[in-house]
Amino acid sequence: KGYATRFGDLTTTTRNNGSLGSAIRGFSAGGFNPGQLQNIDYVTLASEGNGADFGDLSTNRSPYNGAASSSTRGIWAGGYGPGGTKDVIDYVEMMSLGNAVDFGNMVNSRYNHAGCSSPIRAVYSGGSATDGTYIDYVTISTKGDTTQFGNLTTRYDGAMACSNSVRGLVTGQYTITFGTTVDFINLSSQGNSQYFGDLTVNQAIGAATASATRGIIAGGYSGPSGNQNLIQFMNIQTQGNAADFGDLSLGRSKFDNTSDSHGGLGGF
């Protein structure tokens, strides 16, 4: 447990970006500032320092956390940009430099959704769309459109998600209720999510990441309470409520994070 410390700065001020990572590099793509952005930044996770330019997404958009990866390939899906809600899916090979290329399309275009992954699959949950309970996935090593995975127990329209290699956690209700529930999904199968537990305080449109054992939820927006600086954690392989981990250096929302030990490491 502990408090967040400063790592560095991105090349451009942004929000509503989408972040993912390998064991070596972390990435931030797109966002809003105040127009829609196309750039992809990367950092070396083992050190501290500022972001550097990697390349560009295929179109200007805010992925709104719609990002997931294996150990080698990063995938950004959906988002919001010129013309409205997006269904485009882009990918990069993370140890190279260059622009993202076309992967396929989301069956349901949306934003404010969240991505997590196993070494095999990238799974996208919730969001601001016709159906905010929708879960779909792609197989990371191939290219193609998403396939329906199942449905969430409730509408997570300010979604955050994280995973180890087996189980994903999803939360983030950005509605008048500002609920605290957390769902889980088994990444190797298909089917509806199940109830996992509750956060101590609602956090929506914040950031989530994980190790092999713990899921971390940081920041976010909580209705009348405004932007949160709270960091909460859950033990992924059990079920139960979140507990306090520490605090961010300041309260904020509409940002994203990644780690060098998330569930998608391994694979393609």
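Above this text sits the structure in question.
Per chain, residues are indexed from 1 in the order of the written sequence. Predicted model: local features are reported for residues with pLDDT of at least 70 only, side-chain atom pairs are reported and counted for 80 or more only, and whole-chain, interface and lining totals are derived from all residues. Note that water and hydrogens are dropped before the side-chain values are worked out from all heavy atoms of the structure.

1. Let's talk about empty space enclosed by the protein
Link 1 in the chain: Whether a set of points on the 1 Å grid over the protein atoms alone is a cavity depends on a 1.4 Å probe fitting there but being unable to get out, while an open set qualifies as a pocket with protein on both sides within 12 Å along at least five of seven lines; lining residues are those with an atom within 4 Å of a point. Grid points are joined across faces, edges and corners, and a volume is the space filled by probe spheres set on the points. Evaluated as defined, the whole model comprises three cavities of 30 Å³ or more.
Link 2 in the chain: Approximately 230 Å³ is the volume found for the largest cavity.
Link 3 in the chain: Lining the largest cavity are 23 residues, with Ser-19, Ala-67, Gly-115, Ala-161 and Ala-208 sitting closest to its centre.
Link 4 in the chain: Where helices and strands are cited, they refer to DSSP runs of H or I of at least four residues and of E of at least two residues respectively, numbered from the N terminus. Elements that contribute at least two residues to the lining of the largest cavity include exactly strand E1 (18-21), strand E5 (67-69), strand E9 (114-117), strand E13 (160-163) and strand E17 (207-210).
Link 5 in the chain: Residues are sorted three ways: Asp, Glu, Lys and Arg are charged, Ala, Val, Leu, Ile, Met, Phe, Trp, Tyr, Cys and Pro are nonpolar, and all the rest, Gly among them, are polar. When the residues that make up the lining of the largest cavity are grouped by side-chain class, the tally is 10 nonpolar, 12 polar and one charged.
Link 6 in the chain: Taken as a whole, the second largest cavity encloses approximately 50 Å³ of empty space.

2. Looking at the pattern of salt bridges
Link 1 in the chain: Should a side-chain nitrogen of Lys or Arg be within 4 Å of a carboxyl oxygen of Asp or Glu, the pair is scored as a salt bridge. Per the stated rule, a full pass over the model turns up five salt bridges.
Link 2 in the chain: Between Asp-9 and Arg-6 there is a salt bridge, with the nearest N and O atoms lying 2.4 Å from each other.
Link 3 in the chain: Taking the relative accessible area as the measure of exposure, Asp-9 reaches 39% and is therefore partly exposed.
Link 4 in the chain: Measuring nitrogen to oxygen at the nearest pair gives 3.3 Å for the salt bridge that ties Arg-61 to Asp-90. Linking Arg-61 in the loop between strand E4 (52-56) and E5 with Asp-90 in strand E7 (residues 84-93), this pair joins segments that are 29 residues apart in sequence.
Link 5 in the chain: Summary of the burial criterion: residues with accessible area below 20% of their type's maximum are buried, those above 50% are exposed, and those between are partly exposed, where the area comes from a 1.4 Å probe applied to protein chains only. Since its relative accessible area comes to 0%, Arg-61 is described here as buried.

3. Focus: the state of the cysteines
Covalently bonding the sulfur atom of one cysteine to the sulfur atom of another cysteine gives a disulfide.
Link 1 in the chain: The disulfide criterion used throughout: a pair of cysteine sulfur atoms within 2.5 Å. Tallied over the full model, the rule gives zero disulfides.
Link 2 in the chain: As a non-bridged cysteine, Cys-116 has Cys-162 as the owner of its nearest cysteine sulfur, 7.5 Å distant.
Link 3 in the chain: Owing to a relative accessible area of 4%, Cys-162 belongs among the buried residues under this scheme.

4. Regarding the layout of surface pockets
Link 1 in the chain: In this structure, the largest pocket occupies an estimated 1,600 Å³ of space.
Link 2 in the chain: Elements supplying a minimum of two residues to the lining of the largest pocket: strand E2 (25-32), strand E3 (36-44) and strand E18 (214-218).
Link 3 in the chain: Here the residues of the lining of the largest pocket are counted per class, giving 15 nonpolar, 20 polar and nine charged.

5. Comments concerning the packing of aromatic side chains
Remark: the centre distance and the inter-plane angle together describe each pair of aromatic rings, the angle taken between the planes.
Link 1 in the chain: In this scheme Phe, Tyr and Trp rings, the latter by its six-membered ring, pair at centre separations within 6.5 Å, and the angle between planes marks the pair as stacked below 30 degrees, edge-to-face above 60, and tilted otherwise. Per the counting criterion, the structure on display carries 12 aromatic pairs.
Link 2 in the chain: With 6.2 Å between their ring centres and 75 degrees between their planes, Phe-233 and Phe-245 make a pair best called edge-to-face. Linking Phe-233 in strand E19 (residues 230-235) with Phe-245 in strand E20 (residues 243-247), this pair joins segments that are 12 residues apart in sequence.
Link 3 in the chain: Taking the relative accessible area as the measure of exposure, Phe-233 reaches 9% and is therefore buried.
Link 4 in the chain: Lysine and arginine charges are scored as sitting over a ring when NZ or CZ, respectively, is within 6 Å of the ring centre and within 35 degrees of the ring normal. Here Arg-121 stacks its cationic end above the ring of Tyr-137, 4.1 Å away from the centre of that ring.

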